[in-house]
Amino acid sequence: MSWMRGVLAVLAVCVLLLTGPAGCGSGDTGGTGEPEARDSATPVGRLLDATDEEGRRYREVDAERAPEVGIEVQPETDDSWVVRLTVRDFRFSPAGTEAKAVAGRGVAHLFLDGDLLTRLRGPEYRLAADLVPRGTHQLTVRLYADDGTVWAVDGEPVESTADITASDAETTEATEPEGIEGQALPARRAAR
């Protein structure tokens with residue numbers, strides 16, 4: 001009988017050696033037994049041939065797993081503008097983050113009338129008054145993965161646009177991701 005237990009123990013060791021660390025609670029699970037889906041080595045989304053104005057390819061993801069962004073612009077007393085982003089299913093990457101696409105992570109690019117203003121690693125930015133001449137302008141925020149690809153859904157970039165008006169007569173509109181409450185913003189006086 002003891003020889004049978006010895007054979008079973010040897011067989012169990014052989015099975016563990018053949019299956020590797022997957023059967024031991026280590027490997028890509030971080031020792032927790034649960035896979036780390038957000039930081040997996042598998043590709044995120046599907047690269048499309050479509051590109052943005054800078055030639056960065058779109059990275060298509062399913063709508064139910066896609067990040068969302070909204071933008072709100074408020075005038076300040078010094079004639080500058082405070083830009084606030086509202087994100088869902090997205091987190092900003094700190095400087096020095098590895099250049100690879102990870103689901104729901106990256107940076108935001110801010111455009112004024114189609115021209116790149118800055119790359120954002122957080123939800124707030126102060127837009128100087130001298131960058132916004134009198135009239136109505138479009139301020140667009142677009143989400144990018146850390147590898148420089150554009151997050152996209154149904155072939156369209158994940159972005160949001162607000163019209164800002166530097167005059168006494170018109171109001172400013174804010175756009176938000178679907179389901180996030182927002183409000184229209186008041187106009188501000190143009191610097192004279």
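Reading guide: rules and limits
Residues numbered from 1 in each chain as written. Predicted model: local features only at pLDDT ≥ 70, side-chain atom pairs only at ≥ 80, totals over all residues. Heavy atoms only, no water. Helix = DSSP H or I, 4+ residues; strand = E, 2+ residues; numbered from the N terminus. Buried < 20%, exposed > 50% of the residue type's maximum accessible area, 1.4 Å probe, protein only. Contact = heavy atoms within 4.5 Å. Salt bridge = Lys/Arg side-chain N within 4 Å of Asp/Glu carboxyl O. Core = buried A, V, L, I, M, F, W, Y, C linked by side-chain atoms within 4.5 Å. Polar contact = N/O pair within 3.5 Å; in protein donor to acceptor, adjacent residues only side chain to side chain. Pairing = 2+ DSSP bridges. Axes fitted to C-alpha atoms, helices over the stretch in contact; angles between N-to-C directions.

A. Molecular detail of the overall build of the chain. Within the chain, the regular secondary structure consists of one helix and 12 strands. What you see in the chain, going N to C, is helices and strands ordered as α-β-β-β-β-β-β-β-β-β-β-β-β. The burial tally for the chain puts 36% of its 192 residues in the buried class. At a minimum sequence separation of 6, the contacts of the chain that also span at least 24 residues come to 58%.

B. Representation of the pattern of salt bridges. For the structure on display, the rule yields 11 salt bridges. Salt-bridge contacts for Arg-65 lead to Asp-62; the nearest nitrogen and oxygen are separated by 3.1 Å. Looking at Arg-65, the relative accessible area reads 62%, which means it is exposed. For Asp-62, a relative accessible area of 39% gives the class partly exposed.

C. Broad picture of the nonpolar core. One finds Ile-71, Val-73, Val-83, Leu-85, Leu-139 and Trp-151 to be the most contacted residues of the largest nonpolar core, which totals 28 residues. Where this core is concerned, the elements lending two or more residues are strand 3 (68-75), strand 4 (81-88), strand 6 (105-112), strand 9 (135-144), strand 10 (150-153) and strand 12 (159-166).

D. Representation of the side chain of Ser-93. Tracing the backbone through its elements, the reader meets Ser-93 in the loop between strand 5 (91-92) and strand 6. The exposure class of Ser-93 is buried, given its relative accessible area of 0%. Within polar-contact distance, the side chain of Ser-93 engages the side chain of Asp-146 at 2.7 Å. Residue contacts for Ser-93: discarding those within four places in its chain leaves Arg-105, Gly-106, Arg-121 and Asp-146.

E. The sheet that holds strand 8 (residues 124-127), seen in detail. The antiparallel open sheet is built from three strands, whose spatial order is 3-4-8. Among the strands making up the open sheet, the edge pair consists of strand 3 and strand 8. For this sheet, the mean angle separating the axes of adjacent strands, direction not counted, is 20 degrees. As defined by bridge partners, strand 4 adjoins strand 8 across four bridges and the pair is classed as antiparallel. Within strand 8, the position partnered with Val-83 by the bridge is Tyr-125.

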